[in-house]
Amino acid sequence: MLDLLVQAAHRISGIFRGMFHELAVTLKAMMSGHAVDTLQMELEELENVFATVIIGSLAGMPLAPLGLAVEVAGYMEEEISLMIEKHAKYRDGLAAYASLGG
């Protein structure tokens, strides 16, 4: 009788062990998916900060130190090309005319 109880306990513990393992795998997958989204959002915000530091002088912000600007410019290639593309696409005729006056 005791052997039957021990075997039943082993089977039940095996079932619970499998359930907890599946739960742990599922939670780990959920948490890592959230972590990737968080890292992507943080990367986008860092790119925005870099853009502000490098190109902020066009908006009247103080210039970044030249060494920092040159070091970070390599990482800004995609953003700079996008900015140039948007500038070419959405030229402001009034601003161009006003800049001719000095």
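The structure we're discussing is the one just above.
Residues numbered from 1 in each chain as written. Predicted model: local features only at pLDDT ≥ 70, side-chain atom pairs only at ≥ 80, totals over all residues. Heavy atoms only, no water.

What about the overall build of the chain?
Note the threshold: Numbering of helices and strands runs from the N terminus; a helix is a DSSP stretch of H or I covering at least four residues, while a strand is a stretch of E covering at least two. Working definition: with a 1.4 Å probe on protein chains only, accessible area under 20% of the residue-type maximum means buried, over 50% means exposed, and in between means partly exposed. Values of accessible area rely on a 1.4 Å probe in the Shrake-Rupley scheme; residue burial ignores everything except the protein chains shown.
In terms of regular secondary structure, the chain is built from four helices and zero strands. Secondary structure elements of the chain occur, N-terminal to C-terminal, as α-α-α-α. Per-residue burial for the chain yields a buried fraction of 8% across its 102 residues. A total accessible area of about 9100 Å² is found for the chain, and carbon and sulfur atoms account for 68% of it.

What about a nonpolar patch on the surface?
Counted only if it meets this: Patches here: salt-bridge-free residues with over 30% relative accessible area, like charges joined within 9 Å, nonpolar side chains (Val, Leu, Ile, Met, Phe, Trp, Tyr) joined within 5 Å. By salt bridge we mean one thing: a side-chain nitrogen of Lys or Arg within 4 Å of a carboxyl oxygen of Asp or Glu.
Together, Ile12, Ile15, Phe16, Met19, Phe20, Leu23, Leu27 and Met31 line one region of the surface with nonpolar side chains, adding up to about 850 Å² of accessible area. For Leu23, the position within the fold is in helix H1 (residues 2–55). Taking relative accessible area as the criterion, Leu23 reaches 44% and is therefore assigned partly exposed.

Section: the environment of Pro65
In this fold, Pro65 is placed in the loop between H1 and helix H2 (66–73). Given a relative accessible area of 55%, Pro65 falls into the exposed group.

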